[in-house]
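A look at the structure
The lines below spell out each chain.
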Amino acid sequence: MKAKINILDIIPVITMLVLFVFFAIVSGGNTVSLFNLQNIVLQAVPVAIGALGVIFVVSLGSTDISVGANGALSATIAALISQSIGGWAMIPLTLIISTAIGFLLGMIITRFKTESFMTTLASLIALRGLMNFILTRATIKAPRYLLKISTFWVSLIILVVLAVVVFFLFEKTKFGHYCKGMGENENTIKAIGVNTRRIRLICFCISGFMAGVFGFILLGKVSGASSTLCNMMEMKIQMAIFLGGILVSGGYSAKLFKAIIGSLTIVIIENGLISCGVDTAPSEAIEGILLVAILCITIYSNKLSLKRNDLELLKAKEAGKV
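Definitions and cut-offs
The residue numbering used here restarts from 1 in each chain and proceeds along that chain's sequence as written. Per-residue local features of the predicted model are confined to residues with pLDDT of at least 70, and side-chain atom pairs are confined, for both listing and counting, to 80 or more; whole-chain, interface and lining totals are unaffected and use all residues. Hydrogens and waters are ignored; side-chain quantities use all the structure's heavy atoms. Strands here are runs of E lasting at least two residues and helices are runs of H or I lasting at least four, both read from the DSSP assignment and numbered beginning at the N terminus. Think of a polar contact as two N or O atoms within 3.5 Å of one another; within protein, one of them needs to be a possible hydrogen donor and the other a possible acceptor, and neighboring residues in sequence only count if both atoms come from side chains. We call two residues in contact whenever any of their non-hydrogen atoms come within 4.5 Å of each other. Burial classes follow relative accessibility: with a 1.4 Å probe on protein chains only, a residue under 20% of its type's maximum area counts as buried, one over 50% as exposed, and anything between as partly exposed. pLDDT is a per-residue confidence score from the predictor, ranging from 0 to 100. Ring pairs shown here join Phe, Tyr and Trp side chains whose ring centres sit within 6.5 Å, with only the six-membered ring taken for Trp; geometry is labelled stacked below 30 degrees between planes, edge-to-face above 60, and tilted in between. Definition used: whenever NZ (Lys) or CZ (Arg) falls within 6 Å of the ring centre and also within 35 degrees of the ring normal, the charge is taken to sit over that ring.

1. What to know about the side chain of Ser-207
As for its placement among the helices and strands, Ser-207 is situated in helix 10 (residues 196–222). Here Asp-64 takes part through its side chain, which lies 2.9 Å from a polar atom of the side chain of Ser-207. The residues contacting Ser-207, other than those within four sequence positions of it, are Gly-53, Val-54, Val-57, Asp-64 and Val-67.

2. Topic: unusual backbone geometry
Here the phi dihedral of Lys-113 falls at roughly 55 degrees; this positive angle occurs in a residue that is not glycine. Position of Lys-113 relative to the elements: it lies in the loop between helix 5 (90–112) and helix 6 (116–137). The class for Lys-113 is exposed, based on a relative accessible area of 74%. Not every positive phi belongs to a glycine, and Cys-230 is a case in point at roughly 60 degrees. Summarising the element assignment, Cys-230 is placed in the loop between helix 10 and helix 11 (233–243). The class for Cys-230 is buried, based on a relative accessible area of 5%.

3. A closer look at the environment of Thr-110
Within the secondary structure, Thr-110 sits in helix 5. Each residue touching Thr-110, except ones within four places of it in the same chain, is listed here: Arg-197, Arg-200 and Leu-201. From its side chain, Thr-110 meets the backbone oxygen of Gly-106 in a polar contact 2.7 Å long. Within the local environment of Thr-110, its side chain forms a polar contact with the backbone oxygen of Met-107, the two atoms lying 3.3 Å apart.

4. Details of the confidence of the model for the chain
Across the chain, the average pLDDT comes to 90, with 95% of residues at 70 or higher. The low-confidence segment residues 1–5, where pLDDT is below 50, has five contacts with residues more than four positions distant or belonging to other chains.

5. As for the packing of aromatic side chains
The geometry of an aromatic ring pair comes down to the distance between the two centres and the angle between the two planes. Summed over the entire model, instances satisfying the criterion amount to four aromatic pairs. Look at Phe-22 and Phe-23: their rings are 5.3 Å apart centre to centre, the planes differ by 70 degrees, and that puts the pair in the edge-to-face class. Note on Phe-22: relative accessible area 45%, which makes it partly exposed. By relative accessible area, which is 3% here, Phe-23 ends up buried. Relative to Phe-170, the ring of Phe-56 lies with its centre 5.0 Å away and its plane at 75 degrees, an arrangement referred to as edge-to-face. Residue Phe-56 is located in helix 3 (residues 34–59), and its partner Phe-170 is located in helix 8 (residues 152–171); the two are separated by 114 residues in the primary sequence. With respect to burial, Phe-56 and Phe-170 carry one shared label: buried. Following the ring pairs from residue to residue traces out a cluster consisting of Phe-56, Phe-170 and Phe-175. Taking the ring centre of Phe-170 as reference, the NZ or CZ of Lys-180 above it sits at 4.6 Å.

What follows is the structure in structure tokens.
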């Protein structure tokens, strides 16, 4: 049984490698240049950081599509405030604001038992609207030191450090097991005395915190706030999660390495199409078709694996009875 599960887990890795080799051949080797490889990693870092937070929410069987707007608004407000009190305050302020937004969303969802999709969708619209309002009143520039933090090596180090922390929390602690257990069967987790409302609230806080991290990284990249800051990041993060083979229903299909592999995969697709010289309109159509095809294969493979596991478990029980 373990061998089959491990084989299923490497499907996202195989998918990523196949796409990478395909685009390397079609582009005539353009995608494998050192510059382009660094560019792929640099583009994947913010997506992967966002996925490190969203994976906690997804493991519950919920979703958070407000993270892009959260990261953009938090970084924008923090940069605006830091212009008056000093640039040093920008990063801690971003993280405090983004985590507070995550906390507020978690409170609404847990207290009023609203659907996470609709709640975070409404929040996405509201946060984007508030950010655009702020931008009409002020020009917001990033502190100079943020430009260095947004460079290749510094942002990569931030990702590695966060990945190590999240791996321990998500894979090695009771909290992580409770998150995945809630995705499998929340009533069972409640029955053993776990406060599932608190777990869900913490997960949205973590998601908000990570939104703040990629928010200030992307703000530093473009040297200031604009209406397109972190644009479509929430969609890229969601697609990275699902391309990694993590089911919408969450549970034990949620694994950290899958989120990172998915982040690289979606960037490889986007980068590969650009390197091949595909125009914007057909590029978006091809990207959409590829994503749907990969998602269908991933979901089908996961369902097939679950059926096989159930059959083996049933056979094992029948053999025990005999």
